[in-house]
There are 2 protein chains.
Amino acid sequence: MAIHDLTSERLFVDSALAQGARVALSEDQAHYLVNVLRSKMGAGILVFNGRDGEWLARLIEAKKRSAVLEVTEQTRQQVNGPDIDYLFAPLKHARLDYMVQKAVEMGVARLSPVQTRRTVPDRVNLERMRANAIEAAEQCGVLRVPEIGELRPLSKVLDGWDVKRTLIFCDEGDGAKNPLNSLTSVRPGPIAVLVGPEGGFSGEEREILRSKPYVVALSLGPRIMRADTAAVAALALVNATLGDWSGNWK
Amino acid sequence: MAIHDLTSERLFVDSALAQGARVALSEDQAHYLVNVLRSKMGAGILVFNGRDGEWLARLIEAKKRSAVLEVTEQTRQQVNGPDIDYLFAPLKHARLDYMVQKAVEMGVARLSPVQTRRTVPDRVNLERMRANAIEAAEQCGVLRVPEIGELRPLSKVLDGWDVKRTLIFCDEGDGAKNPLNSLTSVRPGPIAVLVGPEGGFSGEEREILRSKPYVVALSLGPRIMRADTAAVAALALVNATLGDWSGNWK
């Protein structure tokens, strides 16, 4: 782990990346580089597209509303993190932005908003979620931008569940159990982590979740936590036992 | 763990709490209850002072700028969390507020800002930190408000170190090791967790830290993390292995 280093510019682009490739930036990106950062011709910028690793590129054309980079050399091979779906009841506005950023830093593969009984927002702005996920990946050097799922009701999510994927459910009614003991019983394979809304799951939802053979309940101690805190805490424990912090993961 | 329930009002007060005690609220608290929430006479409010547990109290006098509660019954015994000092390089403004809130939710005993080579703010607003810590404790039902230390240089902090306290140092240069293996080697006792600035520790700081017999280096995986994310992640792993999430802690 490295704590965020703010010094290098890193941009997500859609185009394929290879030595000599030219990349036309979006209008926003061009504005940011040319007008905000006042980058000069030849300036080095890191680029990634979620597939081809990270590359150093040089600014070879800079106008007010458009800019072109030429890709010069690969700086990092593509690395994908562990196969973790992050399922969560969406929060409002700034707290949702924050939670999305945190989940990206924790290396999840997919962000799947879930409608529960006590979920307050009944729709989510998927474009905004995607923009936030890209920004977090740019800032934190993550090379895989998580996929973003549509908001779905919890019942539908469970109906279509692939039983090979273990669903780790952060259970606020389960304060006494050692979370590491719960996680060490999980068999290797794809994982999902589910964090409920502020206000918790309903009794019925908890019962349904706990009845599923693929569900593991996870306790996060005796204190009340905000949902975005629970997200980072749960993903840290999962990464340390089953994900790519454990040294066991390939 | 319970995910934050926003329904009950909970106020931190200075006065001693016991059945029948009367508590005069501060002007801000009176304004909030009377003018913002429009609480009526007899309304129930939870109060705590960091020492006497949590009590239900009733509003018995409500003016524009003052209000008095009468304490009726204890709702929770005082619980202190584990003996964890949280040492951190302060961040700017909103990110520092956020980090303080998160550390309170994670149940630390003390918040100790540390000046490192690459720390950007060279002073911190301790009053603001304390107000944030109280607000987080109020909102998240934490009964112990962490003590707030003065900003001190890392070298001074280490010079005066009590060697019985293990210092868990989040080491961004140590990405390959399993963090749980590092923590299971820690002997039971008082703990401190140190998270560096965005930009990391200097090479010299890392060397000095790693040379101390009471220091344990902790890796938080291969990705770059923001300092506030690293704080929650490290404290989750520490709570799960050595703190009060583990079921071993008394």
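Just above, that's the structure.
Residues numbered from 1 in each chain as written. Chains lettered and ligands numbered in written order. Predicted model: local features only at pLDDT ≥ 70, side-chain atom pairs only at ≥ 80, totals over all residues. Heavy atoms only, no water.

**What about helix α7 (residues 227–241) of chain A?**
- Relative to the 21 Å expected for 15 residues at 1.5 Å per residue, α7(A) spans 21 Å between its end C-alpha atoms, a close match to the ideal helical length.
- Of all the 15 residues making up α7(A), 15 are buried; the element is thus mostly covered by neighbouring parts of the structure. (Helix = DSSP H or I, 4+ residues; strand = E, 2+ residues; numbered from the N terminus. Expected span 1.5 Å × (residues − 1). Buried < 20%, exposed > 50% of the residue type's maximum accessible area, 1.4 Å probe, protein only.)

**With respect to the sheet that holds strand β3 (residues 22–24) of chain A**
Residue and element names in this part refer to chain A.
- Taken in spatial order, the five strands line up as β2-β4-β5-β6-β3 in an open sheet, and their pairing is mixed. With one partner strand each, in any of the chains shown, β2 (10–12) and β3 form the two edges of the open sheet. Neighbouring strand axes in the sheet, compared pairwise and without regard to direction, differ in orientation by 40 degrees on average.
- Pairing between strand β4 (residues 44–48) and strand β5 (residues 54–62): five bridges, direction antiparallel. Considered in β5, the bridge of Phe48 is made with Glu54.
- Where helix α3 (residues 126–140) meets the sheet, its contacts fall on β2 and β4, and the angle it forms with β2 comes to roughly 150 degrees. (Pairing = 2+ DSSP bridges. Axes fitted to C-alpha atoms, helices over the stretch in contact; angles between N-to-C directions. Contact = heavy atoms within 4.5 Å.)

**Observations regarding the pattern of salt bridges**
- Evaluation of the coordinates by the stated rule reveals 36 salt bridges over all chains.
- Arg110(A) serves as the salt-bridge partner of Asp85(A), at 2.4 Å between the closest nitrogen and oxygen. Here Arg110(A) lies in strand β8 (residues 110–115) and Asp85(A) lies in strand β7 (residues 84–88), a separation of 25 residues in the sequence.
- Residue Arg110(A) is classed as partly exposed on the basis of its relative accessible area, which comes to 21%.
- Across the salt bridge formed by Arg95(B) and Asp228(B), the nearest N and O atoms sit 3.3 Å from each other. (Salt bridge = Lys/Arg side-chain N within 4 Å of Asp/Glu carboxyl O.)

**A look at unusual backbone geometry**
- The backbone of Arg38(A) shows a phi angle near 55 degrees, a positive value even though the residue is not glycine.
- Considering the arrangement of structural elements, one finds Arg38(A) in the loop between α1 (27–36) and β4.

**Brief notes about the side chain of Glu105(A)**
- Relative to the helices and strands, Glu105(A) resides in helix α2 (residues 93–105).
- By relative accessible area, Glu105(A) is classed as buried at 2%.
- There is a polar contact of 2.8 Å between the side chain of Glu105(A) and the backbone nitrogen of Arg226(B).
- Looking at Glu105(A), its side chain comes within polar contact range of the side chain of Thr229(B), at 2.7 Å.
- With residues near it in sequence (within four places) discarded, Glu105(A) still touches Cys140(A), Arg223(B), Ile224(B), Met225(B), Arg226(B) and Thr229(B). (Polar contact = N/O pair within 3.5 Å; in protein donor to acceptor, adjacent residues only side chain to side chain.)

**Re the sheet that holds strand β6 (residues 67–76) of chain B**
All names here are of chain B.
- One open sheet holds the five strands; their spatial order is β2-β4-β5-β6-β3, and the pairing between them is mixed. For this open sheet the edge positions go to β2 (10–12) and β3 (22–24), each flanked by a neighbour on one side alone. Neighbour-to-neighbour, the strand axes of this sheet turn through a mean angle of 40 degrees, independent of strand direction.
- With three bridges connecting them, β2 and strand β4 (residues 44–48) associate as parallel partners. Pairing of Leu11 across the sheet is with Val47, part of β4.

**Comments concerning the relation of the copies chain B and chain A**
- Between chain B and chain A, which share one sequence, the superposing operator has a rotation angle of 180 degrees and an axial displacement of 0.0 Å; the RMSD is 0.0 Å. Here the two chains are linked by the operation of a two-fold rotation axis. Judged by C-alpha distance, Ala233(B) is the residue of chain B that lies nearest the rotation axis, at 2.7 Å.
- Most of the interface of chain B is mirrored in chain A, where 100% of its interface residues again form contacts. (Least-squares fit on C-alpha atoms with pLDDT ≥ 70 in both.)

**Here we look at the side chain of Ser202(A)**
- For Ser202(A), the location among the structural elements is in the loop between β12 (191–195) and α6 (203–211).
- Apart from the residues lying within four places of it in its own chain, the contact partners of Ser202(A) are Arg117(A) and Arg118(A).

**Some details on the interface of chain B and chain A**
- With 55 residues of chain B in contact, the opposing surface of chain A contributes 55 residues.
- Both faces combined, the contact of chain B with chain A buries some 4,700 Å², and carbon together with sulfur accounts for 59% of it.
- One can count four salt bridges joining chain B with chain A.
- It is helix α7 (residues 227–241) of chain B that provides the largest number of residues to the side of chain B that touches chain A, a total of eleven residues.
- Tallied by class, residues from the side of chain B that touches chain A come to 27 nonpolar, 15 polar and 13 charged. (Buried area = accessible area lost by both parts, 1.4 Å probe. Nonpolar A, V, L, I, M, F, W, Y, C, P; charged D, E, K, R; others polar.)

**Observations regarding the pairing of β12(A)**
Residue and element names in this part refer to chain A.
- Across the five residues that make up β12, a large majority, five, are buried.
- Side-chain alternation along β12 places Ile191, Val193 and Val195 on one buried face and Ala192 and Leu194 on a second face that is also buried.
- Bridge analysis of β7 against β12 gives five bridges, and the strand direction is parallel. Note on β12: the bridge partner recorded for Asp85 is Ala192.
- As defined by bridge partners, strand β11 (residues 166–170) adjoins β12 across four bridges and the pair is classed as parallel.

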